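Descriptive structure summary
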Amino acid sequence: MKTIYLECNMGAAGDMLMGALYEICEEKELFLQIMTDALAPYEVTVSADKVTKCGISGTHMTVLVHGESEQPSSDTPAAEPASENTHHHKESHGASYSSVLGQIRSLAIPDEVKNDAVAIYQLIGEAEAKVHGTTLDQIHFHEIGTLDALADVVGCALLIHLIAPGQILASPIHVGNGFVRCAHGVLPVPTPATAELLKGIPSYTGAITGELCTPTGAAILKHYVTRFFSMPPISTESIGYGMGQKDFEIANCVRAFWGETASQKPQDSDDDYSGDDCVLSISCNIDDMTGEAIGLATEIMIAAGALDVYTTPIQMKKNRPGILLTCLCELPDREKFTGLFFLHTSTRGLRYQVFERAKLESTFETRSTAYGNIRFKKSAGYGIKKEKPEFEDLKSVVLKNGCSLSLDEVTKALLKKNI
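These notes cover the structure that comes with them. Being a predicted model, the structure only gives us computed values, none of them experimental. (Residues numbered from 1 in each chain as written. Predicted model: local features only at pLDDT ≥ 70, side-chain atom pairs only at ≥ 80, totals over all residues. Heavy atoms only, no water.)

1. What about the sheet that holds strand 19 (residues 321-329)?
- If you walk across this open sheet you meet the four strands as 18-19-17-20, and the pairing is antiparallel. With one partner strand each, in any of the chains shown, strand 18 (308-315) and strand 20 (351-357) form the two edges of the open sheet. In this sheet, adjacent strand axes meet at a mean angle of 25° when their direction is disregarded.
- When strand 17 (residues 277-286) meets strand 19, the two strands line up antiparallel, connected through seven bridges. Directly across from I286, in strand 19, lies its bridge partner I323.
- The sheet strands contacting helix 9 (residues 334-344) are strand 17, strand 19 and strand 20, and the helix crosses strand 17 at an angle near 15°. (Pairing = 2+ DSSP bridges. Helix = DSSP H or I, 4+ residues; strand = E, 2+ residues; numbered from the N terminus. Axes fitted to C-alpha atoms, helices over the stretch in contact; angles between N-to-C directions. Contact = heavy atoms within 4.5 Å.)

Structure below.
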């Protein structure tokens, strides 16, 4: 499958993502022409400038509004509006949320690009509304900042439309550290809007002081990326470097890898493939619940869609025997299972870990055998192929034969080629 993998080791801002996507796009001139024509009514221009950071050559996308570039604050890594450009006060002279959507819909760009841009802005608007305790219709954006961000959002949407990947994957996101000064005062990094947008997405702080991931960058990733995990096996055809405006000891860029994912079975190959991903582990220590109550909590989480739930005997403080209750789930299900833990267990605190997971792809095949139709579970990947009959079907055979056959006998018989 044709794949874009975005490496966000230095965060993500709209212009950085646009620069990385621009470098792997084969229709660069067409992209710039469409952007020029579409944004002309608003006196906005977009240009691709070659820059070098830490000896690496890449592209910085420069957006000019009325011939001027919005200058980032000392804490903002790229020429992109962050939280300081968003105001929720009714009396603001900036553009309202509805007017921004109207601007997007008026652009001479494909409908698919418009729909994606509108969806991204809705994510931003909903995040800002939530952290400011207001509603979408009360959100107002700083005029210059809005047009700058609009160009970033539309530019990324148009590039993805032109590249037409089968899927978009990304690494966990480095958000930066410290504080950033904005119109509302001094806020922690990630800013509240960015933190809201990154719910369910693996992200982390680091030693670099500053805002590395902006709300616009977070919203673009949230809209397009299906999975956030370490780079999977990929046959790379091209690499794009989207440069931020600030300079650090580490190259301030987003890297985009374009190629064929190795986990996808080639059309001319009979080899099965594997599929790797990330899972969230939620756990807590318990020493004051009965076995029945813990069993019920486990059943409830399984019924809610947990990938697995299990207990481990542990020794807690004051030499109390206890239970480590662990739930494995999909990353976006964090909030749901957090609520289930607090509702159905006695714990007052939880721990989260994100695990990379290597797994074999599994399929089921029903075969006609001397014992009737039996389902076989087949697993393949990493050059390995396995199969085994489904346990419930084996159990059924044993019971139907009055328990005169052992489970081991039935299993061995089924695995013979002549059965």
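2. Focus: the packing of aromatic side chains
- By the definition in use, this model includes one aromatic pair.
- Between K28 and the ring centre of Y22, over which it is positioned, the NZ or CZ distance is 5.7 Å.
- Looking at R334, its charged tip hangs above the ring of Y352, at a distance of 3.7 Å from the centre. (Phe/Tyr/Trp six-rings, centres within 6.5 Å; stacked < 30°, edge-to-face > 60°. Lys NZ or Arg CZ within 6 Å of the ring centre and 35° of its normal.)

3. Points about the pattern of salt bridges
- Using the criterion set out here, one finds twelve salt bridges in the structure.
- Note that E196 is salt-bridged to K130, the shortest N-O span being 3.3 Å. Of this pair, E196 sits in helix 6 (residues 192-197) while K130 sits in helix 4 (residues 111-132), and the two are 66 residues apart along the sequence.
- With a relative accessible area of 18%, E196 lands in the buried category.
- Of the charged contacts, one joins R367 and E387 as a salt bridge, the two residues approaching to 2.7 Å between their closest N and O atoms. One end of the pair, R367, is in strand 21 (residues 361-369); the other, E387, is in strand 23 (residues 384-389), with 20 residues separating them in the sequence. (Salt bridge = Lys/Arg side-chain N within 4 Å of Asp/Glu carboxyl O. Buried < 20%, exposed > 50% of the residue type's maximum accessible area, 1.4 Å probe, protein only.)

4. Considerations on empty space enclosed by the protein
- The full count for this structure, using the stated rule, is three cavities of 30 Å³ or more.
- Forming the walls of the second largest cavity are L6, L17, L21, I160, I168, I220, L221, Y224 and V225.
- Of all the secondary-structure elements, those providing two or more residues to the lining of the second largest cavity are helix 1 (14-24) and helix 7 (215-224).
- Per-element accounting of the lining of the second largest cavity gives the leading share, three residues, to helix 7.
- Its residues assigned to classes, the lining of the second largest cavity shows nine nonpolar, no polar and no charged. (1 Å grid on protein atoms, 1.4 Å probe; cavity = no way out; pocket = protein on both sides within 12 Å on 5 of 7 lines; lining within 4 Å. Points joined across faces, edges and corners; volume = space filled by probe spheres on them. Nonpolar A, V, L, I, M, F, W, Y, C, P; charged D, E, K, R; others polar.)

5. Quick word on the layout of surface pockets
- For the largest pocket, the calculated volume is near 430 Å³.
- Along its surface, the largest pocket is lined by 17 residues, and L198, K199, G200, I201 and R334 are the ones closest to its centre.
- Residue contributions to the lining of the largest pocket peak at three residues, all from strand 20.
- Counted by class, the lining of the largest pocket contains eight nonpolar, three polar and six charged residues.
- G200, T226, F228, L331 and P332 are the residues nearest the centre of the second largest pocket, which is lined by 14 residues in total.
- Sorting the residues of the lining of the second largest pocket by element identifies strand 14 (227-228) and strand 17 as the ones contributing at least two each.
- Split into classes, the residues belonging to the lining of the second largest pocket amount to seven nonpolar, two polar and five charged.

Function-wise, these values are silent; they only describe arrangement.
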